[in-house]
Amino acid sequence: MNKHNILSLFFLLTVAITAKAQSRLDTFLKSKEYSLMLTTEPFGSSLGGILNISHPFLDSKHFEATLGVAFQYSRTIKTKFERNMSSDTRTTDCSFLVTQDWRYFPFRKKHLVLEAGLYAGFTSSVSRGSLSLPQYDIYEEYHNQHNYFNYGSMQSLSWTFKSRFKVGFFSMISLKGYLDSGRTRPAEVDSRFFIGLKLSYKFQKD
Amino acid sequence: MACKKEIVEAVPESSAYSIHSKQMSKQYTFHVLLPEGYDSSQTHHVLILLDANDYFVEMAKELQSNFQHQFVLVGISYNDFNERQHDFTYPSMAEVTNSGHANRYIQFLGDELLPYLQHNLNIKTSETTLLGHSLSGYLASYLLFQQDYTHPFDNIIAASPSLWWSDGYIFGLEQEFAQNQPSLNSKFFITMGDLEGAMMNTHFNAFTKKLNTRNYLSNTYQAKRYKNTSHRNSPIKSFVDGIRFIQ
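Everything in this summary refers to the structure shown in the same document. On a predicted model such as this, the values are computed, not experimentally measured, just so you know.

### Topic: the interface of chain B and chain A
The partner chain A presents 29 residues to the 33 residues of chain B that form the contact. For the pair chain B and chain A, the summed buried area comes to about 2600 Å², and 54% of that belongs to carbon and sulfur atoms. Sorting the residues of chain B by area buried against chain A places Asp167, Leu195 and Arg232 of chain B first, and these three jointly supply 23% of that buried surface. For the pair chain B and chain A, the number of links is three salt bridges. Between lysine 209 of chain B and glutamate 140 of chain A there is a salt bridge, with its nearest N and O atoms 2.8 Å apart. Taken together, the links from chain B to chain A amount to eight residue pairs in polar contact (both at pLDDT 80 or more). Elements with a minimum of two residues in the side of chain B that touches chain A: helix H2 (52–66), helix H6 (165–180), helix H7 (197–212) and helix H8 (234–246) of chain B. Counting residues per element, the side of chain B that touches chain A draws most heavily on H7 of chain B, which supplies ten residues. For the side of chain B that touches chain A, the class distribution of residues is twelve nonpolar, twelve polar and nine charged.

### So, the sheet that holds strand E6 (residues 138–161) of chain A
One closed barrel holds the eight strands; their spatial order is E1-E2-E3-E4-E5-E6-E7-E8 (chain A), and the pairing between them is antiparallel. On average, adjacent strands in this sheet sit at an angle of 20° to one another, irrespective of strand direction. Inspection of the sheet shows strand E1 (residues 33–40) of chain A paired to strand E8 (residues 193–202) of chain A by eight bridges, in the antiparallel sense. Counted as the bridge partner of leucine 38 of chain A is leucine 197 of chain A from E8 of chain A. Running at roughly 160° to E6 of chain A, H7 of chain B makes contact with strand E4 (90–104), strand E5 (112–133) and E6 of chain A of the sheet.

Cut-offs used in this document
Residues numbered from 1 in each chain as written. Chains lettered and ligands numbered in written order. Predicted model: local features only at pLDDT ≥ 70, side-chain atom pairs only at ≥ 80, totals over all residues. Heavy atoms only, no water. Contact = heavy atoms within 4.5 Å. Buried area = accessible area lost by both parts, 1.4 Å probe. Salt bridge = Lys/Arg side-chain N within 4 Å of Asp/Glu carboxyl O. Polar contact = N/O pair within 3.5 Å; in protein donor to acceptor, adjacent residues only side chain to side chain. Helix = DSSP H or I, 4+ residues; strand = E, 2+ residues; numbered from the N terminus. Nonpolar A, V, L, I, M, F, W, Y, C, P; charged D, E, K, R; others polar. Pairing = 2+ DSSP bridges. Axes fitted to C-alpha atoms, helices over the stretch in contact; angles between N-to-C directions.

And the structure:
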């Protein structure tokens, strides 16, 4: 076998392996459900989003259960009281989470779905900004990063369209504030309470 | 946030009272916890705690556990949460309806509440301390540095005070105080949590830096920053640390 044939064979094998891997990847990705939650805080002022990719491990007439991973990001909106603060003043939260979700379909057609689940992972909360009060000769900068193990629960109420699309309302509350030592402090910086809109899509129909 | 009934149930050793304030033209509920072994013929150190709806129960537990026999705790409740913006602030801010009445409130504390405790409840005072958090922490700080009214408090504990109020008005107030007063007439303990955001922390840092340059301070002042502490986590630990500082 000459050099040309070896190279051709190698090329064909590479294409075949890549195609097989691509096919497996496609199958893998299409077996998941993709959810995007657009969030705000009822006891704060922030906007953000959560991308959750989940895989079902239980699928029955009225119940489903999924396991997934999520990426969450939110950023505070500057309030009217922060007028002496710089334009980049904000607190941003960034989380990587493992999620576990239980779904209940009360009706046979599986349009209405109630979901509740838990999450756990890592959150990094960064506050930054600077104050300028020239009338008092004051200029002050601030930066603080707080990384912590975060855990809590998520809930949603959604409606399914064409077995693939879901739209609903969503809430997510960190339980860290409740379960840490010290007083309960829900909806604080390290125990945020998010609400919002949930949009989901899955490639495979039920 | 606890109502009167919940506070009385949670701290059965305490008593609830009502006082009508002519200054504020309204009624306030306040709760009193007497120390163990209280003797009405003796004088006592009285702690005046603002925002009692939120903190009276926990402070009562702290005093009963860690400061037995030492203090009379008087917690003043607000009737409505939005009332705090009316009572605890000066000057008024256009963005906040009906704000800016702290001058009258501090006169209510000194001219109405404290005399009521002495004359109606026979609580004799050897020393008084004012404790406030957030907007009531701002009030406590404002009371200390305003010069229009001679306040009666020996000690001020301001937990996470809202020093940003009205474009940092308190910075100008303190500046005037520093120009006119040879000494800080009360002990002052001020705190902030590092998770309270950039606005709260920058104002706190700037304010305490100013205080550190003043000649009127000796051993009468301490500023403390708490790690991993958010706004609603700061008050009780601030009050407890403040009590230890003033002793």
